[in-house]
Amino acid sequence: MDLNKKGSVEESIFSAKVNSIKAAYTGDEKKIIVSHIGELDQDKVNSISTLVENQMEHLGVSKSAVKKIFNIVIETLQNICLHGEKDNNGYQMTYFIIGKNNNEFTIFSGNIVTSNVAEKLNIRLNGIKSLNDADLKKQYMDVLSNGELSAKGGAGLGFLTIALKSGNNMDFEFEVLNKEYSLFSLQSKVQG
Amino acid sequence: MMKRLEIKETSNTPHILFDIESATFVIDGKSFPEDSKEFYRPLIEWVDQLISNKGQISKFNLQFNLFYLSSSSIISVKQLLMKLVELQNAGVSVVVTWKHDDDDDDIKKTGEDYQKITKLNFTFEVND
């Protein structure tokens, strides 16, 4: 698999997705405030999170909303670092975009997962989406009480944290790229 | 055993100081390391040594002042606190001081979650 190849089916699906997100943020009161397309590592997580903090401060967003957004940003980016698939050349196809529509911030992210992982994630995320606030908190406490870090360093709290911070305003989608891989897209909203 | 453990603060990891001589045990800053298991491992091992070297200290007051914790850090800190439960069971008096900003309900809540789970003696303090 070569994900970075111009004109490939995989690259076309990926670009179409990124372009459709960006296209939705043209016009009055709509703006893309952070956009990162391409590989992610911890250094980029650090620089993107600093950029997010600065942008939010500049926009005069309330401290509690900044914290929520910052939480979601870190969980999203670290999830991708841990679980985002790379192609045969080590290239990691990802996007990370924050859009602002009036007072509403939407955090978009996408990364490549194997079909097998896509299936499991789909079940897990549908499960989380069906929970009300009290059940979300309960599940969070259960994982916190009994949870240990996986070999990859995942805590099992990442998606629960995103759901809690966004008031379960979270959506996701899997687009099949080829037999082996899908593009996993996640978005969550926070009111500023 | 090592009397003093200090780890300098970075943009994604907190400052750590565990010092027996001055009885100072502090974790402060932001915590979202790439590998939180690896980051908190030396702290947990340090407390382990304290448990096996009885008589080094009679009181252990760990002060947290964290502004941000990623979900994997939240699990790692819980594991450190569970180690403090073992220390307490070994006869050391353990107190956790959990500092937070006045308007930071999330961090305060995380401390309360830990108190509920570990049943350790927690003191909550609001930063000036």
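As the structure is a prediction and not an experimental result, all values here were calculated from the model.

So, how was this worked out
- Residues numbered from 1 in each chain as written.
- Chains lettered and ligands numbered in written order.
- Predicted model: local features only at pLDDT ≥ 70, side-chain atom pairs only at ≥ 80, totals over all residues.
- Pairing = 2+ DSSP bridges.
- Helix = DSSP H or I, 4+ residues; strand = E, 2+ residues; numbered from the N terminus.
- Axes fitted to C-alpha atoms, helices over the stretch in contact; angles between N-to-C directions.
- Contact = placed C-beta atoms within 7 Å.
- Buried ≥ 20, exposed ≤ 12 C-beta atoms within 10 Å, placed from the backbone.
- Core = buried A, V, L, I, M, F, W, Y, C linked by C-beta atoms within 7 Å.

A. Up close: the sheet that holds strand β2 (residues 94-101) of chain A. All names here are of chain A. One open sheet accounts for five strands, arranged β1-β2-β3-β5-β4; its pairing is antiparallel. The open sheet is flanked by β1 (30-37) and β4 (170-176), the only strands paired with a single partner. Neighbouring strand axes in the sheet, compared pairwise and without regard to direction, differ in orientation by 15 degrees on average. As paired strands, β4 and strand β5 (residues 181-191) are joined by seven bridges and run antiparallel to one another. By the bridge assignment, F174 is partnered in β5 with F184. Running over the sheet, helix α4 (residues 115-129) touches β3 (104-114), β4 and β5 and is turned about 145 degrees from β3.

B. Examining the environment of B:D48 more closely. Residue and element names in this part refer to chain B. Position of D48 among the secondary structure elements: in helix α1 (residues 36-52). For D48, a count of 14 C-beta atoms within 10 Å gives the class partly exposed. Once the C-alpha coordinates of D48 and T10 are considered, the two residues, 38 residues apart in sequence, prove to be 25 Å apart.

C. Representation of the environment of B:D19 in the model. In this fold, B:D19 is placed in strand β2 (residues 15-19). Judged by local crowding, B:D19 falls into the partly exposed class, with 13 C-beta atoms found within 10 Å.

D. Focus on the nonpolar core. All names here are of chain A. Counting residues in hydrophobic clusters, the biggest one holds 57 residues, and the most contacted among them are V52, I69, V73, L77 and I107. Top element by residues in this core is helix α3 (residues 63-83). It accounts for eight residues. Those residues in contact with V52 that sit more than four places away from it in its chain are V34, I69, F70, V73 and I98. The next biggest cluster of nonpolar side chains, apart from the first, holds ten residues, and it includes I112, V113, F184 and L186.

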